[in-house]
Amino acid sequence: MKAIRRFTVRPVLPDTLRPLADLASNLRWSWHEPTRALFDSLGAPAGTDPVRVLGALETSRLAALAADEDFLARLRAAAEDLDGYLRAPRWYQHRSGDLPAAVAYFSPEFGVAAALPQYSGGLGILAGDHLKSASDLGVPLIGVGLLYRHGYFRQSLGRDGWQQEQYPVLDPGELPVTLLREDDGTPARVTLALPGGRSLHAHVWTARVGRVPLLMLDSDVEENAPGERGVTDRLYGGGSEHRLLQEMLLGIGGVRAVRAYTRLTGHPAPEVFHTNEGHAGFLGLERIRELQGEGLDFDSALETVRAGTVFTTHTPVAAGIDRFDRALVARHLGQDGALPGVDTGRVLALGDETPLGGDPGVFNMAAMGLRLAQRANGVSTLHGAVSRAMFAGLWPGFDADEVPITSITNGVHAPTWVAPEVGPLGPDAGDRELWELRRALRERLVTDVRERLRASWRQRGAAAAELGWTDSVLDPDVLTIGFARRVPSYKRLTLMLRDKDRLRSLLLHPERPVQLVVAGKAHPADDGGKRLVQELVRFADDPRVRHRIVFLPDYGMEMARRLYPGCDVWLNNPLRPLEACGTSGMKAALNGCLNLSVLDGWWDEWFEPDFGWAIPTADGAVAADEERRDDLEAAALYELIERRVAPRFYDRGPDGVPAGWVAMVRRTLADLGPKVLADRMVREYVERLYAPAAGARRALTPARARDLAAWKARVREAWPRVAVDRVEVGDGFADDTADAELGATPVVRVRVALGALGPDDVEVQAVTGRADADDTLTATRTVTLKPAGGPDLEGRLPYAGTLELDRTGSFGCTVRVLPSHPLLAHPSELGLVALPEETKGAGAGLLMR
């Protein structure tokens, strides 16, 4: 028989054990080793959710614990430590300056702990690390996401190696979450109007991530019709309308959930809203609706919202952006939908992708996210450059390097990902100590892999009697390479299989063998990714090599916590530059694992030979031929492993320690480790984006917002009549051949037509730099030109300034006019620029070689 209802029966804890409930309900236990150890001592498997552990304790066991003085002493210490952690001032509280009272951080997924499986990959893990580091630093963050009743899928393998998916139901009563309730005890509820008189209702669950509350909206409530009830059924599931409803609930409903939470708890209201990828972008539209209700018009509300919004893009390819049919969006957000009173035409314009060369019938969530945020960033230096080029169409007339998208390189939360043994030892330990630690971690990984492999084979239908070979899988003394991540095609899971004979020779080398531990999930709808998994699994099933290469299904946080410390080398071979950041290698590095990676994402900016190896990438015409490109890059990978990586690992001194290898481990821990921390990342967000956004938002009173919106409208209308009529550069030239001497200070003079605008509305700049073969300026500098007199007979205003020729070689100069206002965050914000009609010549600019 099957139950028609499920209940969670919680134990009644004796008074002396009640702190256990507080410790279990705060996810800080997932990164606080003493608290993890306390719950592990209760007899459950390591890493088990403490909420489940407590729910399974028998009354007799509780009585025994209540009488165990040693356990009670450890419990009191853990409870006091948590109380101090939650209450004491931290980094943020000691900062000077006007910091935001609170920041709302929206993300479609959060990977905080395995006990709360609400993530699919790197985006969610990054979001979880962001919350945890914000908590450690005392940043007053509020996380906002969805509670998916099936989470992401659990992965297993069929007998033939084909990926299979299961979606176990998650009962919130068995998760470390609590229901947000009104003062009368009823569940707080968020409601969105839908077309046709329907409604989408959601409850709000709260997880405590240290000091940070994480709000998760759940549509599985009785008031919903069956279709609406399933909106939060699974992460990234369903068709286009289903995804749209998820993102409406996340963005629009998420803002309403934040308002309910601050009203009920007294938490400061957010001054800054951080949109982690475009999925949550509708939050800006809900805030416009709120401000219109307070008397602002659309344009003034838009300026107010933009001032306090940060948008982070995580994708380097257009295919990674959510896009919806414009008619579908209009129907769901119009008068009969979730945002009555908000001009649907203006909303659709925010998602217009035609300036990016896109489809006029499509609503682009990233385009909207960028238009709704005054500050935006990519997640590594290279990804910032890729993003500026990718979205340059939104700022026409500006070079890609002037597009207002900066970069803050991702980081990882060390207490979550560093093995407990690594931290106390540190980079100052002796060579033998470091080497013995690396061997111990590798041995622990080997044990864990064997257990997981046996479980996987039993799921695939194997009998216990035929699995004796798994007892000798992997060797704790063999060079171990890890590769684990999602399996989209650009990450190239099977590049290592390009030449299977070459790979076998590496795995079975008589003196310098290599072993590989591989894991990863393909999206359930991605049959191409599933075929890659199957190809890898079939190779790993070969009896000739199966003791040297394994594929572990159901990659997740708990597996990763064993995998990163136990590997000697972390492999990453995406198609450059399609890896926005790639934080898995960071987690490995914090454990003394060396990286072997394509120069992409974070590795492109922080690679040094002491930290690992860079896999060469094909470029030019070769890169266009996918088969030849992959052949060349795979050959380079094999060559690196055979000629450089393995020899360094096996080059042992008289004491059996590979001094050269240990030196690289030491440098990785000491010099690379501090760079890859999420604490560094969150500090950068606070100082470079959150604090300026809060200042901009505070400066924009309703009256100033109206003035700014009116000024922008006036500038846009007048801009077609702004022109640079003539540029003259002189005083410093050797002769009439346009040559100049180093150190010369020529004067640039220009006449500018401003039409209906005045000098206070614009900035006139001379732009100088090196000129390449087609006269494009690079390494540019700007000089602000000043008014130099009254208007001429045609109404043109003269401007002048002095250039400094402090670089030899090819040199170029042009002049431009930009809108200027003290409340603009970036000169290119409006996407308006006036340039000379010709790109060079006496009437426009100057070129010197």
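Bear in mind that the values here come from a model prediction, so they are computed numbers and not experimental data. (Residues numbered from 1 in each chain as written. Predicted model: local features only at pLDDT ≥ 70, side-chain atom pairs only at ≥ 80, totals over all residues. Heavy atoms only, no water.)

1. Examining the nonpolar core
One recurring pattern in soluble globular proteins: nonpolar side chains tend to sit buried together.
Line of reasoning, step 1. With 97 residues, the main nonpolar core has Leu 479, Leu 596, Trp 613 and Trp 661 as its most contacted residues.
Line of reasoning, step 2. With residues near it in sequence (within four places) discarded, Trp 613 still touches Val 569, Leu 594, Asn 595, Leu 596, Ser 597, Trp 603, Phe 607, Leu 640, Arg 644, Val 645, Trp 661 and Met 664.
Line of reasoning, step 3. Core analysis: the second largest hydrophobic core is formed by 60 residues, Tyr 152, Leu 180, Val 258 and Phe 363 among them. (Core = buried A, V, L, I, M, F, W, Y, C linked by side-chain atoms within 4.5 Å. Buried < 20%, exposed > 50% of the residue type's maximum accessible area, 1.4 Å probe, protein only. Contact = heavy atoms within 4.5 Å.)

2. A closer look at helix 8 (residues 240–265)
Quick reminder: α-helices carry 3.6 residues per turn. Residues three or four places apart thus point the same way.
Line of reasoning, step 1. With 26 residues, helix 8 should cover 38 Å at 1.5 Å per step; its first-to-last C-alpha distance of 36 Å lies within 8% of that length.
Line of reasoning, step 2. Remark: the principal bend of helix 8, roughly 35°, maps to Gly 253.
Line of reasoning, step 3. The element helix 8 is largely enclosed, with a buried count of 21 among its 26 residues.
Line of reasoning, step 4. Of the residues one or two after helix 8, Gly 266 is the one with positive phi, at around 80°. (Helix = DSSP H or I, 4+ residues; strand = E, 2+ residues; numbered from the N terminus. Expected span 1.5 Å × (residues − 1). Bend = angle between axes of the 7 residues up to and from the residue.)

3. Some points on the pattern of salt bridges
Line of reasoning, step 1. A full pass over the atoms with the stated rule returns 67 salt bridges.
Line of reasoning, step 2. The shortest N-O distance in the salt bridge between Lys 712 and Glu 303 comes to 2.8 Å. Note that Lys 712 is positioned in helix 27 (residues 702–718) and Glu 303 in helix 10 (residues 298–307), a separation of 409 residues in sequence. Across the pair, exposure class does not vary: Lys 712 and Glu 303 are buried alike.
Line of reasoning, step 3. The network of salt bridges with shared partners includes Asp 725, Arg 751, Asp 792, Glu 794 and Arg 796. (Salt bridge = Lys/Arg side-chain N within 4 Å of Asp/Glu carboxyl O.)

4. Some details on the packing of helix 24 (residues 626–650) against helix 25 (residues 659–672)
Line of reasoning, step 1. Two elements in contact, helix 24 and helix 25, have axes separated by 6 Å at closest approach and are oriented at 105°. Considering their axes alone, helix 24 and helix 25 lie roughly perpendicular with respect to each other. From helix 24, Val 645, Arg 648 and Phe 649 reach across to helix 25, where they touch Gly 660, Trp 661 and Met 664.
Line of reasoning, step 2. Split into classes, the residues belonging to the contact of helix 24 with helix 25 amount to four nonpolar, one polar and one charged. (Axes fitted to C-alpha atoms, helices over the stretch in contact; angles between N-to-C directions. Parallel < 35°, antiparallel > 145°, perpendicular 65-115°, else oblique. Nonpolar A, V, L, I, M, F, W, Y, C, P; charged D, E, K, R; others polar.)

5. Here we look at helix 14 (residues 381–390)
Line of reasoning, step 1. Buried within helix 14 we find Leu 382, His 383, Gly 384, Val 386, Ser 387 and Arg 388.
Line of reasoning, step 2. As for helix 14, its buried residues are in contact with strand 13 (375–378), strand 14 (406–407) and helix 22 (601–606).

6. Things to note about the packing of helix 18 (residues 500–507) against helix 24
Line of reasoning, step 1. Where helix 18 meets helix 24, the axes come as close as 11 Å, and the angle between the chain directions of the two elements is 15°. Taken together, the axis directions place helix 18 and helix 24 in an arrangement best described as roughly parallel. In this structure, helix 18 meets helix 24 at a crossing whose hand is left-handed. On helix 24, the residues that touch Arg 502, Leu 503 and Leu 506 of helix 18 are Ala 635, Tyr 638, Glu 639, Ile 641 and Glu 642.
Line of reasoning, step 2. Here the residues of the contact of helix 18 with helix 24 sort into five nonpolar, no polar and three charged. (Left-handed = near helix turned anticlockwise from the far one by under 90°.)

7. Some remarks on the side chain of Arg 388
Line of reasoning, step 1. Structurally, the position occupied by Arg 388 is in helix 14.
Line of reasoning, step 2. We note that Arg 388 is buried and unpaired, the nearest opposite charge coming from Asp 401 at a distance of 6.9 Å.
Line of reasoning, step 3. Once residues lying within four places of it in the same chain are set aside, the contact partners of Arg 388 are Ala 400, Asp 401, Val 403, Ile 405 and Thr 406. (Lys, Arg positive; Asp, Glu negative; His and termini not counted.)

8. So, the pairing of strand 23 (residues 762–771)
Line of reasoning, step 1. Burial runs high along strand 23: eight of the ten residues are buried.
Line of reasoning, step 2. Alignment of strand 23 against strand 26 (residues 811–819), held across eight bridges, turns out to be antiparallel. By the bridge assignment, Glu 763 is partnered in strand 26 with Leu 818.
Line of reasoning, step 3. Note that strand 23 and strand 24 (residues 777–787) share seven bridges and pair antiparallel. If you follow Val 767 over to strand 24, its bridge partner there is Thr 782.
Line of reasoning, step 4. In this structure, the hairpin formed by strand 23 and strand 24 is closed by a connection of five residues, where Asp 775 is found at a positive phi of approximately 70°. (Pairing = 2+ DSSP bridges.)

9. Notes on the side chain of Arg 548
Line of reasoning, step 1. One can find Arg 548 in the loop between helix 19 (527–541) and strand 17 (549–552).
Line of reasoning, step 2. Although Arg 548 is buried, it forms no salt bridge, and the closest oppositely charged side chain is Asp 475 at an N-O distance of 4.9 Å.
Line of reasoning, step 3. From its side chain, Arg 548 meets the backbone oxygen of Leu 507 in a polar contact 3.2 Å long. (Polar contact = N/O pair within 3.5 Å; in protein donor to acceptor, adjacent residues only side chain to side chain.)

10. Concerning the environment of Ala 207
Line of reasoning, step 1. Mapped onto the fold, Ala 207 is located in strand 7 (residues 198–209).
Line of reasoning, step 2. C-alpha separation for the pair Ala 207 and Pro 176, spaced 31 residues apart in sequence, amounts to 6.3 Å.
Line of reasoning, step 3. Those residues in contact with Ala 207 that sit more than four places away from it in its chain are Leu 27, Leu 116, Pro 176, Val 177, Val 212, Pro 213, Leu 214 and Met 216.

11. Considerations on the sheet that holds strand 17
Line of reasoning, step 1. Taken together, six strands build an open sheet; the order of strands is 17-16-15-18-19-20 and the sheet is parallel. One side of each edge strand has no neighbouring strand; the edge strands of this open sheet are strand 17 and strand 20 (612–615). Within this sheet the neighbouring strands show an average axis-to-axis angle of 20°, counted without direction.
Line of reasoning, step 2. As paired elements, strand 19 (residues 594–598) and strand 20 share four bridges and run parallel to each other. Opposite Leu 596, over in strand 20, you have Trp 613 as the bridge partner.
Line of reasoning, step 3. Against the sheet, helix 18 contacts strand 16 (514–519) and strand 17, and its axis sits at roughly 115° relative to strand 16.

12. Notes on the confidence of the model for the protein
Line of reasoning, step 1. For the protein, the average pLDDT comes to 93, and 96% of its residues sit at 70 or higher.
Line of reasoning, step 2. Counting contacts from residues 732–737, a segment whose pLDDT is below 50, to residues more than four positions away or on other chains yields ten contacts.
Line of reasoning, step 3. Segment residues 839–849 is flagged for pLDDT under 50; beyond a separation of four residues in sequence, or across chains, it makes 34 contacts in the model. (pLDDT = per-residue confidence, 0-100.)

13. Quick word on the environment of Gly 121
Line of reasoning, step 1. Relative to the elements of secondary structure, Gly 121 occurs in the loop between strand 1 (103–106) and helix 6 (122–137).
Line of reasoning, step 2. Among residues more than four places away in sequence, those in contact with Gly 121 are Glu 109 and Arg 486.

14. Considering the environment of Pro 658
Line of reasoning, step 1. Following the sequence through the fold, Pro 658 ends up in the loop between helix 24 and helix 25.
Line of reasoning, step 2. Leaving out residues up to four positions away in the same chain, Pro 658 has contacts with Trp 435, Arg 648, Phe 649, Asp 651 and Arg 652.

15. Re the pairing of strand 26
Line of reasoning, step 1. Within strand 26, nine of the nine residues are buried, which leaves the element mostly enclosed by the surrounding structure.
Line of reasoning, step 2. Where burial is concerned, the two faces of strand 26 agree: the one with Phe 811, Cys 813, Val 815, Val 817 and Pro 819 and the one with Gly 812, Thr 814, Arg 816 and Leu 818 are both buried.

16. Notes on unusual backbone geometry
Line of reasoning, step 1. The step from Arg 576 to Pro 577 runs through a cis peptide bond, and the omega angle for that step is 5°.
Line of reasoning, step 2. Relative to the assigned elements, Pro 577 resides in the loop between strand 18 (569–572) and helix 21 (584–590).
Line of reasoning, step 3. The phi torsion at Tyr 236 lies on the positive side, around 55°, for a residue other than glycine.
Line of reasoning, step 4. As for its placement among the helices and strands, Tyr 236 is situated in the loop between helix 7 (226–229) and helix 8.

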